[in-house]
Amino acid sequence: MDISIIGTGYVGLVTGVGLAEKGNRVICMDMIKEKVDIINSGKSPIYEKGLNELLEKNIGKNLVATTDLRNAVLNSDVTFICVGTPSKRDGSLDLSSVKNASKGIGKILSEKDSYHVVVVKSTVLPGTTEETVIPILEENSGKKFISDFGIAANPEFLREGIAVKDFLNPDRIIIGSLDKRSRRIIEQIYSNFKCPILRTDIKTAEMIKYAANSFLATKISFINEIGNMCKKLNINVYEVARGISLDHRVSPYFLNAGLGWGGSCFPKDLKALIYKAKKLGYEPFLLNAVFKVNEEQPQRLLDMAKRKIGSFKGKKIAVLGMAFKGGTDDVRDSPAFPVIEGLLREGANVTAYDPNAEDSAKEFFGDRIEYADSAENSLKDSDLALIVTDWEEFEELDFREMKNRIVIDARNIVKNRKGIDYEGLCW
Ligand code: UGA
């Protein structure tokens, strides 16, 4: 199949490279020329495990990048929209990139004779494809949806860091469509994937994406709430989590208690769904609470630190990890940030270390904190260590160079607990 992909962020690029690897001819389109040049040179502009290898293997053969939308659409039968949909202040989505992409595709469709399917992979609230994307495409192409062109919603469930693996081995594929022809074409693209395929209408597919992320965030906030109680009762929440997860109805995943969830997806998607609920005149009690539990975890860590060492003023505090989770350089909505802000507010000298996220964190904190080039250097002479991201290298840390060997682990990652005053956030 000839496919074009609009947007080369982690979703677009992974989708493009993954579909090329599966034997399709793929054109990745992005407005940013530097990105396109890097991709065409066989390198990935973003870090995703395994992406460079697959890119190098496919580029110039059945994969090419371009800044030319016209060329991408005219030389493909299916176009995936994979542009960003960031949050606005009120929680609603900034759809400007989706609208621009739809407008551009629509204009080009006006000069195309053959049938074309547009697939919305960007995360959009239920109703957006039908109420916004289809009208823009029709208006700009002068053509009619169903008779002249097709539409499908195909949400992504990729986790940052392991997106390539997730793309090639998905748990399921959701194809939302209103007409048989588009559905069959998208089914053909995914015909060599070994997983269940669920066919729905477009709105349902859009909702599945939000329900999936909200449910996962709910699991984490749930176990954090149980963990906050466990801490008071001197119970290890990880044993409790194991105890409940042996029930096949629960499943053991996303029950790691700690500092809570962040990243570019859960906070944005929950906010958007809460916004949508309110627009519908429904008060989403559970989702509000899921958010609230999450927002309070960083303060819990700070309170615990205060109980351990008293005032933060003038104390040297090592913060281990700044990324929103291990395995990425992404600091968007990282729970590490409110922790660092809280420490700075009360006069602490923060020395932070993250194996990947230092550059992204610097853009935010500048010279308000110090950046260590290794975990050991951040721990040196410190009064307290806070472990905030689940990087594997934090499992076997050496705390001997600390001034006071007080360690609060907010991710249950430290294995080497001998000779230190160890405290878990929820255990
Ligand atoms: C999430 C979803 O897992 C993907 O399926 C989805 O496609 C993606 O959002 C998206 O919408 O694009 P991601 O944001 O990459 O993926 O990160 P996760 O691995 O889901 O972790 C999210 C947050 O939850 C992290 O801050 C992580 O530390 C935290 N977490 C995760 C916990 O605190 N406990 C857990 O047990 C699991």
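Residues numbered from 1 in each chain as written. Predicted model: local features only at pLDDT ≥ 70, side-chain atom pairs only at ≥ 80, totals over all residues. Heavy atoms only, no water.

Considerations on the pairing of strand 2 (residues 25-29)
Inclusion rule: Remark: exposure states derive from per-residue accessible area (1.4 Å probe, protein chains only) relative to the maximum for the residue type, with buried under 20%, exposed over 50%, and partly exposed in between. Runs of H or I in DSSP of at least four residues are treated as helices and runs of E of at least two as strands, each being numbered from the N terminus. Should DSSP find at least two bridges between two strands, the strands are taken to pair. Here the term right-handed applies to a crossover when the path leading from its first strand over the helix to its second strand runs clockwise, the strands being oriented away from the viewer.
Summarising burial for strand 2: 4 of the 5 residues are buried, a large majority. For strand 1 (residues 2-6) and strand 2, the ladder comprises 5 bridges, and the chain directions are parallel. Among the inter-strand pairings, Asp-2 is bridged to a residue of strand 2, identified as Arg-25. With helix 1 (residues 10-21) bridging strand 1 and the parallel strand 2, this β-α-β connection has right-handed handedness.

Section: the pairing of strand 7 (residues 173-177)
Within strand 7, 5 of the 5 residues are buried, which leaves it mostly tucked inside the rest of the structure. A two-sided burial pattern is seen for strand 7, the buried positions comprising Ile-173, Ile-175 and Ser-177 on one face and Ile-174 and Gly-176 on the other. Where strand 6 (residues 149-153) lies against strand 7, 2 bridges are found, and the strand directions are antiparallel. Looking across to strand 7, one finds that Ala-153 is bridged to Gly-176. Summarising the sheet, strand 7 and strand 8 (residues 197-200) pair through 4 bridges and their orientation is parallel. Bridge pairing in strand 8 places Ile-173 opposite Ile-197. At this point the chain moves from strand 7, through helix 8 (residues 180-189), to the parallel strand 8, and the crossover so formed is right-handed.

With respect to the sheet that holds strand 7
The line we're drawing: Note on method: axes are straight lines fitted to C-alpha atoms, helices fitted across the in-contact stretch only, with angles between N-to-C directions ranging 0 to 180 degrees.
The sheet built from 8 strands is open, its strands ordered 3-2-1-4-5-6-7-8 with mixed pairing. The outermost strands of the open sheet, each flanked by one partner alone, are strand 3 (63-66) and strand 8. Ignoring which end each strand starts from, the neighbouring axes of this sheet average 25° apart. As paired strands, strand 2 and strand 3 are joined by 4 bridges and run parallel to one another. Paired with Val-26 across the two strands is Leu-63, which belongs to strand 3.

Brief notes about the layout of surface pockets
We apply this condition: Computed over the protein atoms alone on a 1 Å grid, cavities are sets of points where a 1.4 Å probe fits but cannot get out and pockets are open sets with protein on both sides within 12 Å along at least five of seven lines; a residue lines them when it has an atom within 4 Å of a point. Grid points are joined across faces, edges and corners, and a volume is the space filled by probe spheres set on the points. Polar here means any residue other than Ala, Val, Leu, Ile, Met, Phe, Trp, Tyr, Cys and Pro, which are nonpolar, and Asp, Glu, Lys and Arg, which are charged; Gly is therefore polar. Marked domain ranges trace back to an automatic or database domain assignment.
Within this model, the second largest pocket holds a volume of roughly 1,400 Å³. Around the second largest pocket sit 50 residues that line it, and Gly-9, Val-83, Gly-84, Thr-85 and Arg-332 are the ones nearest its centre. Sorting the residues of the lining of the second largest pocket by element identifies helix 1, helix 5 (96-109), helix 11 (266-279) and helix 14 (358-365) as the ones contributing at least two each. Taken together, the residues of the lining of the second largest pocket sort by class into 17 nonpolar, 17 polar and 16 charged. Two domains each provide a minimum of three residues to the lining of the second largest pocket, namely domain 1 (2-200) and domain 2 (236-427).

Side note on empty space enclosed by the protein
Applying the stated criterion across every chain yields a total of 1 cavity of 30 Å³ or more. Space inside the largest cavity adds up to approximately 60 Å³. In this structure, the largest cavity is lined by Val-120, Lys-121, Ser-122, Thr-123, Val-124, Ala-153, Asn-154, Pro-155, Ala-205, Glu-206 and Lys-209. Counting residues per element, the lining of the largest cavity draws most heavily on helix 9 (residues 202-233), at 3 residues. Grouping the constituent residues of the lining of the largest cavity by class yields 5 nonpolar, 3 polar and 3 charged.

Details of the sheet that holds strand 14 (residues 421-424)
Strand order across the open sheet formed by 6 strands is 11-10-9-12-13-14, with parallel pairing between neighbours. Two strands bound the open sheet, and with one partner strand each, they are strand 11 (370-371) and strand 14. Where strand 10 (residues 349-353) lies against strand 11, 2 bridges are found, and the strand directions are parallel. Its bridge partner lying in strand 11, Thr-351 is registered against Glu-370.

Overview of the domain arrangement of the chain
To keep it simple, the criterion reads: Note on contacts: a residue pair is in contact if any heavy atoms of the two residues lie within 4.5 Å. Any carboxyl oxygen of Asp or Glu within 4 Å of a side-chain nitrogen of Lys or Arg constitutes a salt bridge here.
Segmenting the chain into domains produces domain 1 (2-200) and domain 2 (236-427). The centre of domain 1, based on its C-alpha atoms, is set 34 Å off from the matching centre of domain 2. Facing the 15 residues of domain 1 at the interface are 15 residues of domain 2. Scanning the region where domain 1 abuts domain 2 turns up 0 salt bridges. Of the residues that constitute the side of domain 1 that touches domain 2, the class distribution is 6 nonpolar, 6 polar and 3 charged.

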